[in-house]
Amino acid sequence: MEKFPKDFIWGTATSSYQIEGGAALDGKGPSIWDAFSSIPGKIFEGGTGDVACDHYHKFKEDVQLMKNMGVKAYRFSIAWARVMPTGKDTVNEKGIQFYSDLIDELLKADITPWVTLYHWDLPLALQLEDDGWLGTAIVDHFAAYANLCFERFGDRVKNWITLNEPWVVAILGYGQGVFAPGRTSNSEPYLAAHHLILAHAKAVNLYRENYSYQAGQIGITNNCDWREPLTDSQQDKAAAERALEFFLAWFADPIYKGDYPAVMKERLGERLPNFSAAEKEMMLGTSDFFGLNHYTTMYAAHDDGTGKNQNVYGNGGISEDQAVDLSLDKNWKLTNMNWAVVPWGCKKLLAWIDERYGQPEIIITENGCAYVDELVDGEVDDQERLDFYKGYLQACQQAISEGIKLKGFFAWSFMDNFEWASGYSKRFGLHYVDFETLERTPKKSALWFKDAIAQNSADV
Ligand code: GBH
């Protein structure tokens, strides 16, 4: 049986708005997701995160369920507006207390906390007063908020992730408008992304300068789906490479190489902001590990202008900027999100990162799938999810055996939750949540994980 390295980090992940509820409790301020989900038509069947999984009240039970699974690490996010209701200045001590109690509960259960500072729930006040990620003020506000978290939690939290998936914030929030704050533009995504990267870099610099005594590590999590050339033609190979650059290198190049990819500069002209020399220096090397969220794969072909496949299958960012046509293979199995299950794409992406960024330590901070799960006689037989994880974890194992420095894997998600624009209609969890009673039940995949973790292998 093929084993993972001894110290492999087996974890599971969630985010604040998707699970906590308590949207206006104990002094929490509103976030852009509270506002966005209150607008009719934005969320499937009008779902909101007002209650979600009520993790705010049930966190002890949830930690116990994690402990039952034997996970070594738990990745969660802090709701900025819970600890700073207006996003700046005033601190909400009750909000601090909630996360402090959660951290203590995890440590008591021998589970290492991995904390994401920003998983999309920006304090609404910062959107209204400072234009959210479009304004420059956000960089300092984010750093001050990060500072508060390091100061209050850094004695116990040693693993920090500044931002979750800035690509999603920029493209879905400011390009396509399907996520908060719901704006549509072909230039704002590049501006928002610019401030996201600078905010990340400033927070990391601050952590390293002021909190080195805490002896923790800090990084960023980017998301990327694999892009496989549709044919062997030079044009399609170049299209796939370009698609990956517009997807992942957009955010990773500034951090690992000090600037945006050349292809983005060429194609975007003045819609892509410039970094000053001082900013480049501030950004360079600001990730102690390469955080990666990976879900799926698509074929990429050169878009010859006829746009035959263009955007039919999904979202490739602002596709006209890339001149890439995306498509799926008819033989690929699809999840309930219509995302294709292609484990070898995961391995190829890991190899691409390994090569382009000089063998960084990589952590898969999210991987998972939605299926139509049903609770029958107290059990959920989600064999498809189990097969999905088996496939992706075996691909991870192969990558490691080829020398790629993959250090950990967090399953998305610990439990079914508020799936953004899809509301409560998509289930990604290892635990089933009945959204009427809020009762949690481990799915078959959670039980499989328990064995996999115990044996430190995907071949169980
Ligand atoms: C993650 O993002 C989020 O971090 C998490 O909060 C969320 O619950 C989870 O995914 C599940 O959705 O639309 O066909 O072009 C996932 C990022 C980016 C992965 C887009 C899939 C698109 C396939 N996603 N990608 S398609």
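Everything below is about the structure printed above this text.
A short tour of the structure in this document, coming up.

About the criteria used
- Residues numbered from 1 in each chain as written.
- Predicted model: local features only at pLDDT ≥ 70, side-chain atom pairs only at ≥ 80, totals over all residues.
- Heavy atoms only, no water.
- Core = buried A, V, L, I, M, F, W, Y, C linked by side-chain atoms within 4.5 Å.
- Buried < 20%, exposed > 50% of the residue type's maximum accessible area, 1.4 Å probe, protein only.
- Contact = heavy atoms within 4.5 Å.
- Phe/Tyr/Trp six-rings, centres within 6.5 Å; stacked < 30°, edge-to-face > 60°.
- Lys NZ or Arg CZ within 6 Å of the ring centre and 35° of its normal.
- Helix = DSSP H or I, 4+ residues; strand = E, 2+ residues; numbered from the N terminus.
- Expected span 1.5 Å × (residues − 1).
- Pairing = 2+ DSSP bridges.
- Axes fitted to C-alpha atoms, helices over the stretch in contact; angles between N-to-C directions.
- Left-handed = near helix turned anticlockwise from the far one by under 90°.

### Describing the nonpolar core
Grouped together as the largest cluster of nonpolar side chains are 147 residues, with contacts concentrated most on Trp33, Tyr118, Trp133, Phe142, Trp160, Trp250 and Phe449. When residues no more than four places from it in sequence are discounted, the contact partners of Trp33 are Tyr17, Ile43, Trp120, Asp121, Phe179, Ala180, Phe418, Trp420 and Ala421. Grouped together as the second largest cluster of nonpolar side chains are 13 residues, Ala13, Ala73, Tyr295 and Trp412 included.

### Brief notes about the packing of aromatic side chains
Describing an aromatic ring pair means giving the distance of the ring centres and the angle of the ring planes. A complete count under the given rule lists 54 aromatic pairs for this structure. Ring centres of Trp133 and Phe142 lie 6.3 Å apart, and the angle between their planes is 55°; this geometry places the pair in the tilted category. The residues Trp133 and Phe142 share a single accessibility class, namely buried. In textbook terms, an aromatic cluster arises when at least three aromatic residues are bridged by ring pairs, as seen for Phe4, Phe8, Trp10, Phe388, Tyr389, Tyr392, Phe409, Trp448 and Phe449. The aromatic ring of Phe98 is capped on one face by Arg82, whose charged end is 5.8 Å from the ring centroid.

### Quick word on helix H5 (residues 93-108)
Compared with an ideal rise of 1.5 Å per residue, which puts 16 residues at 22 Å, H5 spans 22 Å between its outermost C-alpha atoms and is within 8% of the ideal. Within H5, burial applies to Gly95, Ile96, Phe98, Tyr99, Ser100, Leu102, Ile103, Glu105 and Leu106. Taken together, the buried residues of H5 touch helix H1 (16-19), helix H3 (55-69), strand E2 (73-77), helix H4 (80-83), strand E3 (112-118) and helix H7 (137-153).

### Structural notes on the sheet that holds strand E6 (residues 226-229)
Across the sheet, three strands lie side by side as E6-E8-E9; this open sheet has mixed pairing. Strands at the two margins of the open sheet, each flanked by one partner only, are E6 and strand E9 (324-327). Averaged over all pairs of adjacent strands, the angle between their axes in this sheet comes to 40°, without regard to strand direction. Where strand E8 (residues 297-302) lies against E9, four bridges are found, and the strand directions are antiparallel. Residue pairing across strands places Ala301 opposite Asp325, the latter belonging to E9. Seen against the sheet, helix H14 (residues 343-356) touches E6 and E8 and runs at an angle of roughly 95° to E6.

### What about the sheet that holds strand E5 (residues 217-223)?
Reading around the circumference, E1-E2-E3-E4-E5-E7-E10-E11 is the order of the eight strands in this closed barrel, with parallel pairing throughout. The mean inter-strand angle of the sheet, taken between neighbouring strand axes irrespective of direction, is 25°. Inspection of the sheet shows strand E4 (residues 159-164) paired to E5 by four bridges, in the parallel sense. Looking at E5, one finds that Asn164 is bridged to Thr221.

### Some details on the packing of helix H9 (residues 188-210) against helix H10 (residues 234-256)
Helix-helix packing: each pair is described by the crossing angle between the helix axes and the interaxial distance. Look at H9 against H10: their axes get within 10 Å of each other, and the N-to-C directions meet at 35°. Where H9 crosses over H10, the two elements pack in a sense that is right-handed. Contacts between H9 and H10 involve Pro189, Tyr190, Ala193, Ile197 and His200 from the first element and Phe246, Trp250, Phe251, Pro254 and Ile255 from the second.

Nothing here speaks to function; it is all geometry.
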